[in-house]
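Fold and contact review
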Amino acid sequence: MTKWITIAKHEFAYNVRRKEFLFVTFGLPLLMFALIGIPVLLGASSITPEDITIGYVDKTGTFEGNFISYAGEELAKNDLLEGKITHFFVIPEDYKTTGSIEIFSTKSRTQGSIEGEIKGFLLDNLLKGDNKELVERVKNPIKSEYFTLNEKGESGKDDLSGLLISIAFAFFFMLSIFTSSNFLLQGVVEEKENRVMEILLSSVSHRDLLTGKIFGLGAVGLAQVFIWQVMGIAILSSGPVALLLKGISISIPLLIFASGYFILGYLVFACIMAGVGAIATTSREGQQIAGIFTMIGAMPLIISQLILSKPDSIISMMFSYFPLTSPITMIMRISTGNVQYYEVVLSLIILTVSILVIIEMSVKIFRASLLMYGKKPTISELIKYVR
Amino acid sequence: MEKTVEVSNVSKSFNGQTVVKDISFEIAPGEIFGLIGPNGAGKTTIIRMLLDIIRPDSGEIKILGSASPEETKDLIGYLPEERGLYRRLTVMDSLLYLGALKNYQSKKKVVELLERMEMLQHKDKKLSELSKGMQQKIQLIAAICHDPQFIILDEPFSGLDPVNMKLVKEMIVELGKEGKTILISTHMMDQVERMCSRIFMMHRGGGVLYGSVSEIKSRFGKNTVFLEFDGELENIAGMVKKINYSGNYAELILKDGIDSQEVLKTIVRDGRINRFEVSAPSLNEIFIQVVEGS
């Protein structure tokens, strides 16, 4: 009775060696990293702090600081051309009334960070005599946190990280479903085409075969997400990317819910794909039918505004409980805090029950239509099989 | 003694079309049994029902005394008509995996069989790199590497060259001597004539003949002459019902009441006789007679 485990192990080993799997798992994140990360890295490294040496020509005679002071523009220009400094700026006599300064450099564009440094220098001088705290406040007047009140008057912290996690969840969820449940579909159609199916079914029951496949490929999907997480943490915690994401806290309960919904949601799709694989006569046809289900799965992303702003609307409710859409919908709602516990429990129960029901239906369809090579059953025939 | 296979009144139809109708037969332990009939007679459907890949609409199937397929699947070996193996796996990996699915994974046994089939040097190759005949032999090993009690071979000789055909035949005979029960399904009826003790002959989903090969043949009488000759058979038209030619070899079905010696006398005048054998008709001819008579 442990044959499904043998099948699951085989499916796992067979599919993680697929080129498609290796590409999506390792290639795609690297490609994304290359597209997003490299410009950031290049941008940050093209002018690193030690490369910047700023000079100034002060015509008012009141500014001082840790920049190099020049008596006249000609001297500063010479040093700039010789590369001793990278920038210099001129503070005209009427600066305090006009606020205008002239910045010179050998490059055509001046980075924002240069302006920031000059601004700090000017503020330090303008507010000379005031206390340090006030100067800091003027330089950095707002550190914001947003709160939203619900009907009961309780306040929930508006956390950007929650939204980010739900979007990341939705993205990885869809990607995983697209890849590994597609493997399942391909696997079934492939085995039908090369007639391995007959050999397998002479050794194991339809149910063992299907269960083994679903769990084996489920493990493939989880392995993929695990690798992504490791790569993600490695990329995020290294270098300048970490600075961009500083201050995002990831809540542990949300991660646990996300994992639960991920696994259950994945299984729902996997069971459906197995059924689709049994009906489809070619991979292409299978993918077309499967596409309908993946589209439905992606629906919550399309109407995410509605779900987040009106969680009590009928559509949001339907999406929260319908097994194909509930994983993404519920994670969105949990991450933004507008969800009741009973809703979470109810949606998890519905997911679990639908997995069992769909496996049962898929087994029946599997048994009835598997070896009808080259012939696709009609909808009325399908209904007959399922009964 | 308990029968290895008991098929009682089994029928199956697909989309309203009857593929197998009211079939009953039994196979005794240790028997080499032939399931024969032309393409499309319903042989493969019966085999799939024996394996519980599909279920009969009515009737009962018992294998090794049990009606529960879960209990018996591990004890059955199956060579399907359409070959099915993972193309991207190596020979060794495929065989070990299929063995594991039968709860009997033995590397020693697999190596032994690969050696016996002259395939050991290919064990680390992918299936897709092998020729059709080689894949066929691997498929046969897959059917028997878990030491099954009952072996089902669907068209075991298709696609084999004479050397490999001999190898496979010897293997089947050897398995029979080991006491395995073997079901051979084929449309090449004369192939099984010499190997099987009993046969079940099918035509259009129904059974037309069932029994031991010698008994069936004697039922059709010794009215056939097998002939090998050089020349033309011109003057015997009045004596025979039918002549099945194949090159300078012929099977003559004699008319009722004609003495085979008269035929011999006549044809000696027309040419050179290399072989003259009075016998029962071939299974092929019997099949044709049965189908035409019905």
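Overview of the structure. (Residues numbered from 1 in each chain as written. Chains lettered and ligands numbered in written order. Predicted model: local features only at pLDDT ≥ 70, side-chain atom pairs only at ≥ 80, totals over all residues.)

Focus: the overall build of chain B
Note the cut-off: Each helix is a run of H or I in the DSSP string that is no shorter than four residues. Each strand is a run of E no shorter than two, and both are numbered from the N terminus. Put plainly, a residue is buried at 20 or more neighbouring C-beta atoms within 10 Å of its own, exposed at 12 or fewer, and partly exposed in between, counting only other residues' C-beta atoms, which are placed from the backbone. We call two residues in contact if the C-beta atoms placed from their backbones are at most 7 Å apart.
Looking only at helices and strands, chain B has 10 helices and 13 strands in total. The buried share of chain B, reckoned over its 294 residues, is 36%. Residue pairs at least 24 apart in sequence account for 69% of intrachain contacts in chain B once pairs closer than 6 positions are excluded.

Some thoughts on the sheet that holds strand β7 (residues 181-186) of chain B
Residues and elements named next belong to chain B. In plain terms, the rule: At least two bridges found by DSSP between two strands is the condition for calling them paired. An axis is simply a line fitted to the C-alpha atoms; with a helix, the fit covers only the stretch in contact. Between two such axes, the angle follows the N-to-C directions and lies from 0 to 180 degrees.
Read from one edge of the open sheet, six strands run β5-β6-β7-β3-β8-β9, paired in mixed fashion. Strands with a single pairing partner mark the edges of an open sheet, and in this sheet they are β5 (76-79) and β9 (206-212). Adjacent strand axes in the sheet meet at a mean angle of 15° when their direction is disregarded. Where helix α5 (residues 132-144) meets the sheet, its contacts fall on β5 and β6 (150-154), and the angle it forms with β5 comes to roughly 165°.

What to know about the pairing of β5(B)
Where a strand is regular, its side chains alternate between the two sheet faces. Residues and elements named next belong to chain B. In β5, alternate side chains face the same way, and those of I76 and Y78 on one face and G77 and L79 on the other are all buried. Where β5 lies against β6, four bridges are found, and the strand directions are parallel. Residue pairing in the sheet places I76 in a bridge with F150 of β6.

Some words on the interface of chain B and chain A
Our working definition: Three classes are used, and their members are as follows: Ala, Val, Leu, Ile, Met, Phe, Trp, Tyr, Cys and Pro are nonpolar, Asp, Glu, Lys and Arg are charged, and the others, Gly among them, are polar.
Each partner contributes to the interface: chain B provides 21 residues, whereas chain A provides 16 residues. The element contributing the most residues to the side of chain B that touches chain A is helix α3 (residues 91-101) of chain B, with four residues. Partitioning the side of chain B that touches chain A into residue classes produces 13 nonpolar, one polar and seven charged.

Concerning α5(B)
Because an α-helix completes one turn every 3.6 residues, residues spaced three or four positions apart along the sequence face the same direction. What counts here: In this scheme, a helix's expected span is set at 1.5 Å multiplied by one less than its residue total.
If you check α5(B), its first and last C-alpha atoms are 19 Å apart, about what 13 residues at 1.5 Å a residue would give, namely 18 Å. For α5(B), the set of buried residues is B:Q136, B:K137, B:I138, B:Q139, B:L140, B:I141, B:A142, B:A143 and B:I144. Those residues of α5(B) hidden inside the fold are in contact with α8 (196-203) of chain A together with β5, α3, α4 (107-116), β6 and α6 (162-177) of chain B.

Observations concerning the pairing of strand β2 (residues 17-27) of chain B
Residues and elements named next belong to chain B. Bridge count for strand β1 (residues 5-14) against β2 is seven bridges, and the pairing is antiparallel. Bridging from a neighbouring strand, E6 pairs with E26 of β2. In sequence, β1 turns back onto β2 through a hairpin of two residues, with N15 there showing a positive phi of about 50°.

Notes on the sheet that holds strand β3 (residues 87-91) of chain A
Residue and element names in this part refer to chain A. With mixed pairing, four strands are arranged side by side in an open sheet as β2-β1-β3-β4. A strand with exactly one partner marks an edge of an open sheet, and here the two such strands are β2 (68-70) and β4 (102-105). Neighbour-to-neighbour, the strand axes of this sheet turn through a mean angle of 25°, independent of strand direction. Judged from the four bridges that link them, β3 and β4 form a sheet pairing that is antiparallel. Each residue of the ladder has a partner; that of F88, found in β4, is F104. Helix α3 (residues 73-82) contacts β1 (54-58), β2, β3 and β4 of the sheet and is inclined by roughly 170° relative to β1.

Some details on unusual backbone geometry
Residues and elements named next belong to chain B. A positive phi angle, close to 50°, is found at N9, a residue other than glycine. Within the fold, N9 resides in strand β1. Phi is positive for L64, which is not a glycine, with a value near 50°.

A short note on the packing of helix α14 (residues 314-321) of chain A against helix α15 (residues 326-336) of chain A
Residues and elements named next belong to chain A. Direction vectors running N to C along α14 and α15 enclose 115°, while the axes themselves pass 6 Å from each other. Along the contact surface, α14 presents F319, S320 and Y321, while α15 presents S326, T329, M330 and R333. Residues of the contact of α14 with α15, tallied by class, amount to three nonpolar, three polar and one charged.

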